[in-house]
Each structure stands twice: as C-alpha cells, then as structure tokens.
Amino acid sequence: MLVLYSSLHEFGHLLVLLLCGGEPKTLTFSFYGLGLKYNDKLSRVKELAVIIAGPLVNLILWLFTKDEINLLLFILNSLPVYPLDGGRVVRLFSYNLSKILSAIFIIIIFALSIYLIVFCKSFSLLFISIYLFFYSICY
C-alpha cells in the first residue's frame with residue numbers, strides 16, 4: 001500500500017505540473033520513496049501548487065480511506081524539512097529559513113526516532129532522519 005499511496009502522491013504532483021504547463025523530466029525511486037523531477041520554469045504560485053498537490057492527495061485519500069499510511073505520508077511530507085514538500089515550500093520563499101527549519105526538525109525527528117527505538121523497537125524513523133540529515137548537508 002505504501003508504494004501505491006506514494007505513487008498517487010507523485011501523480012498529484014505530476015497532474016498539477018502538467019496543468020500548470022510544466023515539463024516533467026524523470027520519476028525516480030529513492031530511499032524515502034518516489035520523486036518527480038521537472039524543469040524549474042514555473043512561477044512561484046504554480047510551483048507552490050505543484051508542491052502542495054502531493055500531500056493534498058494523501059490528505060484526501062486519508063479522509064476517504066482512513067488508512068494511517070496516507071495520514072503519515074501527509075504529515076511527513078508537510079514537515080518543513082528540505083527535500084520534503086513542506087521544506088520545498090519554505091525554500092520557495094526563503095532559502096535561509098529553509099536551512100534553519102530543516103536543521104531544527106531533523107533534530108526533532110532524530111529525537112523521536114530514539115524514542116521509537118527504545119519504546120517500540122522501530123528503526124524506520126531513524127533511517128528517515130539519517131537520510132534527511134545527509135541530504136540536507138549536501139544541499
């Protein structure tokens with residue numbers, strides 16, 4: 001189900017991108033899921049619409065299905081951590097604020113991952129926080 005909902009998330013980005021006149025380049029699979037790459041020739045308003053379309057798909061799906069995966073995808077992608085959609089929105093308006101918020105939220109996610117490891121024996125959030133940390137220091 002995760003792959004299906006991640007695919008629908010990216011389809012939301014793709015649909016709005018095409019409606020805004022954007023040009024898709026590639027769809028890639030990475031550690032944290034699927035990612036749509038496209039040319040950056042959109043106005044700020046159109047870029048914002050493309051970015052929020054993905055999480056909006058997961059929110060709408062969650063309202064209809066009540067599937068926790070969609071809610072988690074919506075919440076995770078809404079965090080102001082670059083390269084997640086929330087971080088892309090912040091970066092669209094302020095590069096410096098994006099770097100600061102990314103650092104703060106990566107620390108919070110890492111702390112939550114330690115909690116999940118200790119009390120739930122779950123390592124998945126730790127892997128996400130490590131990925132986001134290394135991604136953020138490279139960009």
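Reading the values: rules and limits
Residues numbered from 1 in each chain as written. Predicted model: local features only at pLDDT ≥ 70, side-chain atom pairs only at ≥ 80, totals over all residues. Heavy atoms only, no water. Helix = DSSP H or I, 4+ residues; strand = E, 2+ residues; numbered from the N terminus. Rg over C-alpha atoms; globule rule 2.2 N^0.38 Å. Contact = heavy atoms within 4.5 Å. Axes fitted to C-alpha atoms, helices over the stretch in contact; angles between N-to-C directions. Parallel < 35°, antiparallel > 145°, perpendicular 65-115°, else oblique. Left-handed = near helix turned anticlockwise from the far one by under 90°. pLDDT = per-residue confidence, 0-100. Core = buried A, V, L, I, M, F, W, Y, C linked by side-chain atoms within 4.5 Å. Buried < 20%, exposed > 50% of the residue type's maximum accessible area, 1.4 Å probe, protein only. Phe/Tyr/Trp six-rings, centres within 6.5 Å; stacked < 30°, edge-to-face > 60°. Lys NZ or Arg CZ within 6 Å of the ring centre and 35° of its normal.

When its secondary structure is counted, the protein chain shows 6 helices and 2 strands. Over its C-alpha atoms the protein chain spans a radius of gyration of 15 Å, differing by no more than 12% from the 14 Å that the globule rule assigns to 139 residues. For the C-alpha atoms alone, the extent of the protein chain along its principal axes is close to 50 × 35 × 25 Å. Considering only residue pairs separated by 6 or more positions, the protein chain has 50% of its internal contacts joining residues 24 or more positions apart.

Moving on, we come to the packing of helix H1 (residues 2–19) against helix H2 (residues 44–65). Interaxial distance between H1 and H2 falls to 7 Å at its minimum, and their mutual angle equals 135 degrees. As far as their axial angle goes, H2 and H1 are oblique. Handedness of the H1/H2 crossing: right-handed. Residues Tyr5, Leu8, His9, Gly12, His13, Val16 and Leu17 of H1 lie in contact with H2, whose contacting residues are Ala49, Val50, Ile51, Ala53, Gly54, Pro55, Val57, Asn58, Leu61 and Thr65.

For the rest of this paragraph, the subject is the confidence of the model for the protein chain. For the protein chain, the mean per-residue pLDDT works out to 91, and 97% of the residues sit at or above 70. For the protein chain, per-element mean pLDDT is lowest for strand S2 (residues 33–38), which scores 79, and highest for H2, which scores 97.

Tracing the sequence through the fold places Ile108 in helix H5 (residues 95–120). Separated by 81 residues in the primary sequence, Ile108 and Leu27 have C-alpha atoms spaced 29 Å apart.

With that settled, the discussion passes to the nonpolar core. With 10 residues, the main nonpolar core is built from Leu79, Val81, Tyr82, Leu84, Ile106, Ile109, Leu125, Tyr131, Leu132 and Tyr135. Going through the elements one at a time, H5 and helix H6 (124–138) are the ones with two or more residues in this core. At 4 residues, H6 tops the list of elements feeding residues into this core. Once residues lying within four places of it in the same chain are set aside, the contact partners of Leu132 are Val81, Pro83, Leu84, Ile106 and Ile109. In terms of nonpolar packing, the next biggest core, distinct from the first, is built from 9 residues, Cys20, Leu42, Val50 and Ala53 among them.

Turning to the packing of aromatic side chains, a few remarks are in order. With the rule as written, the count across this model stands at 4 aromatic pairs. Judged by centre distance (5.9 Å) and plane angle (40 degrees), the ring pair of Tyr131 and Tyr135 falls under tilted. Of this pair, Tyr131 and Tyr135 both sit in helix H6, separated by 4 residues, roughly a single helical turn. Grouping aromatic residues by their ring pairs yields a cluster made of Tyr82, Tyr131 and Tyr135. Lys66 extends its terminal NZ or CZ atom over the ring of Trp62, reaching a point 4.4 Å from the ring centre. Residue placement shows Arg91 over the ring face of Tyr82; its charged tip is 3.7 Å from the ring centre.

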